[in-house]
Amino acid sequence: MSVLIILIVASILVALLFLIGFIWAVKSGQYDDTYSPSVRMLFEDKEKEDRHPQKKEAAKNKSDEKSGETTSL
Amino acid sequence: MGRENEEMLVKNSEGIKCYHCGEACKQDHLVFEEKDFCCQGCKTVYEILKDNDLCEYYTYENHPGSALKDIFQTDKFLFLDNEEIIHKLLDFSGPEINKITLFIPKIHCSSCIWLLENLRRFNPHLKNSRVNFTKKTVSIDYSPSGISLREIANMLTSIGYEPYISLDDEKKQSQKDHNRDLYIKIGVAGFCFGNIMLLSFPDYLGVDFIQDRHLKPFFSILNILLSLPIVFYSGSGFLISAYQGIKQRYVNIDVPLALGIIALFGRSVYEIMLQIGPGYLDSLAGLIFFLLTGKWFQSKTYEGLSFERDYKSYFPLASLKEKGGITEIMPVAELKKDDIIIVRNQEIVPCDGMLLSENANMDYSFVTGESRLVDILLGGRVYAGGKQKGANIRVKVIKEVSQSYLTQLWNHESFKKEKRLLSQAIINRVSKYFTIIILLIAFSAFFYWLQQDIRIAMNAFTAVLIIACPCALAMSVPYTYGNVTRVLGRNKLYLKNVEAIERLNNTHHIVFDKTGTLTESGHSGVKFDGPMEQDLLQMISGLTFNSTHPLSRRIYNHLFEIGIDGKNLVIDGFREIPGKGILGKINGKTFKIGSLEFIKSDGYLATNENGTGKAKIFVDVDGKLMGSFQTADKYREGLEETIMGLKSNYDISLLSGDNDQEREYLMSIFPHDSQLLFNQKPEDKLNFIKVLQSQGKKVLMVGDGLNDAGALQQSDIGIAVAEDASSFSPASDAILSAGEVTRLPLYLRFTRSAKTILILSFTISFLYNVIGLTFAVSGTLTPVFAAILMPISSITIVAFTTLSVNLRAKQMKL
């Protein structure tokens, strides 16, 4: 039955990983604003469709969008 | 209406809402591209968004915008050209990119988030923007070479999201850290609680480890290890607070809690070490976890609101200083005596000074509550807090900002001390007696068993402390008041903290401010009864533009705000007859604007003159009465009932900075024995409240302006009335939306019933304690029994308080 000991230690270590994950999430500010992410994910990525290709800024915006997204990740 | 791209003035539009802001459109409103707009401002925002292909804004919410009530001025953010100020505001600055976080009170819906996160479509130099909805801030990355901070602020203002810029935001930072700390504490407690429960399962099920004797101590040791972070990290707040309480000879609720925690931990470790039993670590972990969730529930605050503002929030950050013919922008705090500053239209004078221009029109409503403009001539004194209406003026500084007449109020002692802690808070009174009784029981059980066996005596002693640990009691307050705060928040009364509820309940005397509190705010002060024809209104605007009379200016300003401006019209034979009115000819039509005697129109009876001090200005064209303007502040609807509802339970007073011309009306609605004081200076208000308090009364102050700031601070509980919660209000304990002022009696009744609920919930938790104690004193308490009783009692309390508060709210239609 000493395998139980190994299992329990393993399970607590796994749980500890999640606890560390949670602490990291809180510290990095993910719990500071719990509303806007839920709305943000519903916004359409309009620039990908690009309804106004004649606007010369559109292309620039697109690249801005991409760089913006990578920095925010 | 079908013609596109054409503006039209539409009459009789009942129930039509503005496409942009959702406010009901008045008699006249603008129609543009088949969409209704309540004012020029909303339409302009729509056009800007349309030009930038951002109309998707309107797809996420209906009427997402905010009405633009103030006239937008491009020089409002002039101070953002000052490098020193910019430097203080930036989060990060580099050659390529600057980062700034702006507080925008108007953020309120998902469309706001969308628009503010798509700012880069307005200007490619804005790189990335991100909204924090709870704090109502937006963080913007921009390249300083392409766009200045001032341009950003102007742009945000033009689309209805005016940033609020202030230099002292340190308090917010600590609040944020505190919240994060609590989250982590709860996380750690939850982690330990879960694992300890799991490891205690064999005990619950009565499993006997006959074959594996080494397993049981292993589980127990692991439990002790897991309980260390929960006691010394998650639970540290309770232990520290109890220690501080005792040090100040003061028993708070944390004292019995700490006793319980120590008893639980000590006895468990003792039992496990001597291999007597499994200990109570599961109960301990559950206790701390539940207590922390209660703390979290109670600490829900309105981060987007500030309850700490002082005059700096109202004043400009910087002023235009004139020196040897050149002007420079200078932070107001650095203004010295004899400096010369320029105050522009709509700008607030930052310090007391002497007028160097011909004349000025000051709106002192911030300072005095009086809503009329004051004419000041060359050489006259202008006081800090006054708002210039009209042309730019030059002012010589007489006193520095912090020493000025109005700002001196903040040097008053009542601003230096925090409001006294409520030692009278119910929970502290209860816990004092509770602790004494528990200690008495614990010691008598100890001495009773001592005659038989020291072991049983120790068992009984610790068992009493364990079972009596007032977990349920400690949960009563957070959950009752936490729920009350939420209900009131839904009804637009935003409390700073839960302590405000008890302060409300303790109130004896209610003091009201008049202007802006009992009356509707000065903005809606002008109403036109008559045909809303653009031509007519434009001509009225042209005439009133030429008059310096305060009432004319108010009519002109009002028309300007709804998008009508006739200052360029040619007027023949303009005359102003003091005390009567103005007359002149435009396009061959003779206009007379003024009092009823002045226009002497036949066949028209002045209606609705019910002695409430409302001033009416009549408009007459070619001998025909066209309509009238009503300018006096309007009392809130239902005010009589409000006062009626309050007078049976409270003494009521009124303090007005205004003159006493409305005394008669007010006397008719206020109870006979109440004091109505007029011409009150900010300091008089503060002192009035002080006098009441010296008579042992608890005072509730309801006010709105800077002139009430002292009184709000001095009172036992100050409620600031704000047009909408995001607009600025002086430091207070609660912020009440202006539209809900008349519901105050209902809110007070509600908080009183919360007290009853609290007492009931105390009773329930005492019952649990009595049941547990009977086991404890007889020395038959088992860990399993404790582990069941403790969560059940806590859950009962949470369920009872939540249900009963919300049920009560429903009954009262809150």
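All of these numbers come straight from a predicted model, not from anything done at the bench.

About the criteria used
Residues numbered from 1 in each chain as written. Chains lettered and ligands numbered in written order. Predicted model: local features only at pLDDT ≥ 70, side-chain atom pairs only at ≥ 80, totals over all residues. Heavy atoms only, no water. Axes fitted to C-alpha atoms, helices over the stretch in contact; angles between N-to-C directions. Helix = DSSP H or I, 4+ residues; strand = E, 2+ residues; numbered from the N terminus. Parallel < 35°, antiparallel > 145°, perpendicular 65-115°, else oblique. Left-handed = near helix turned anticlockwise from the far one by under 90°. Contact = heavy atoms within 4.5 Å. Buried area = accessible area lost by both parts, 1.4 Å probe. Salt bridge = Lys/Arg side-chain N within 4 Å of Asp/Glu carboxyl O. Polar contact = N/O pair within 3.5 Å; in protein donor to acceptor, adjacent residues only side chain to side chain. Nonpolar A, V, L, I, M, F, W, Y, C, P; charged D, E, K, R; others polar. pLDDT = per-residue confidence, 0-100. 1 Å grid on protein atoms, 1.4 Å probe; cavity = no way out; pocket = protein on both sides within 12 Å on 5 of 7 lines; lining within 4 Å. Points joined across faces, edges and corners; volume = space filled by probe spheres on them.

## A look at the packing of helix α14 (residues 471–490) of chain B against helix α23 (residues 744–777) of chain B
Residue and element names in this part refer to chain B. Close contact between α14 and α23 brings their axes to 9 Å; oriented N to C, the two are set at 160°. If you check the angle between α14 and α23, you find them roughly antiparallel. Note on packing geometry: the crossing formed by α14 with α23 is right-handed. On α23, the residues that touch Ala 472, Leu 473, Ser 476, Val 477, Thr 480, Tyr 481, Val 484, Val 487 and Leu 488 of α14 are Tyr 747, Phe 750, Thr 751, Ala 754, Ile 757, Leu 758, Ser 761, Phe 762, Ser 765 and Phe 766.

## Things to note about unusual backbone geometry
Residue and element names in this part refer to chain B. Here the phi dihedral of Asn 587 falls at roughly 50°; this positive angle occurs in a residue that is not glycine. With respect to the helices and strands, Asn 587 occurs in the loop between β21 (581–586) and β22 (589–594). Phi at Asn 679 takes a positive value of approximately 50°, unusual for a residue other than glycine. Take Asn 679: it is sitting in the loop between β26 (675–677) and α21 (682–694).

## With respect to the interface of chain A and chain B
Interfaces are often sized by the amount of accessible area the parts lose when they come together. The partner chain B presents 37 residues to the 39 residues of chain A that form the contact. Carbon and sulfur atoms supply 61% of the area buried between chain A and chain B, which totals about 3300 Å² over both sides. Applying the counting rule to chain A against chain B returns two salt bridges. Between Glu 117 of chain B and Arg 40 of chain A there is a salt bridge, with the nearest N and O atoms lying 2.6 Å from each other. Linking chain A with chain B are eight residue pairs in polar contact (both at pLDDT 80 or more), by the criterion used here. Elements represented by at least two residues in the side of chain A that touches chain B include exactly α1 (3–27), α2 (36–40), α3 (46–49) and α4 (56–72) of chain A. Top element by residues in the side of chain A that touches chain B is α1 of chain A. It accounts for 12 residues. Its residues assigned to classes, the side of chain A that touches chain B comprises 17 nonpolar, 10 polar and 12 charged.

## Some remarks on the confidence of the model for chain B
Residue and element names in this part refer to chain B. For chain B, the mean per-residue pLDDT works out to 81, and 88% of the residues sit at or above 70. Under a pLDDT of 50 for its full length, residues 1–13 has, in the predicted model, 31 contacts with residues more than four places off or in other chains. Both scores are given for the predicted complex: the pTM is 0.76, the ipTM 0.72.

## Describing empty space enclosed by the protein
One way to see where empty space is left: roll a probe the size of a water molecule over the atoms. Residues and elements named next belong to chain B. By the definition in use, this model includes seven cavities of 30 Å³ or more. In this structure, the largest cavity encloses a volume near 190 Å³. Ile 466, Ile 467, Cys 469, Met 790 and Ser 793 are the residues nearest the centre of the largest cavity, which is lined by 17 residues in total. For the lining of the largest cavity, the element with the most residues is helix α24 (residues 783–811), which contributes four residues. Broken down by class, the residue content of the lining of the largest cavity amounts to 13 nonpolar, four polar and no charged.

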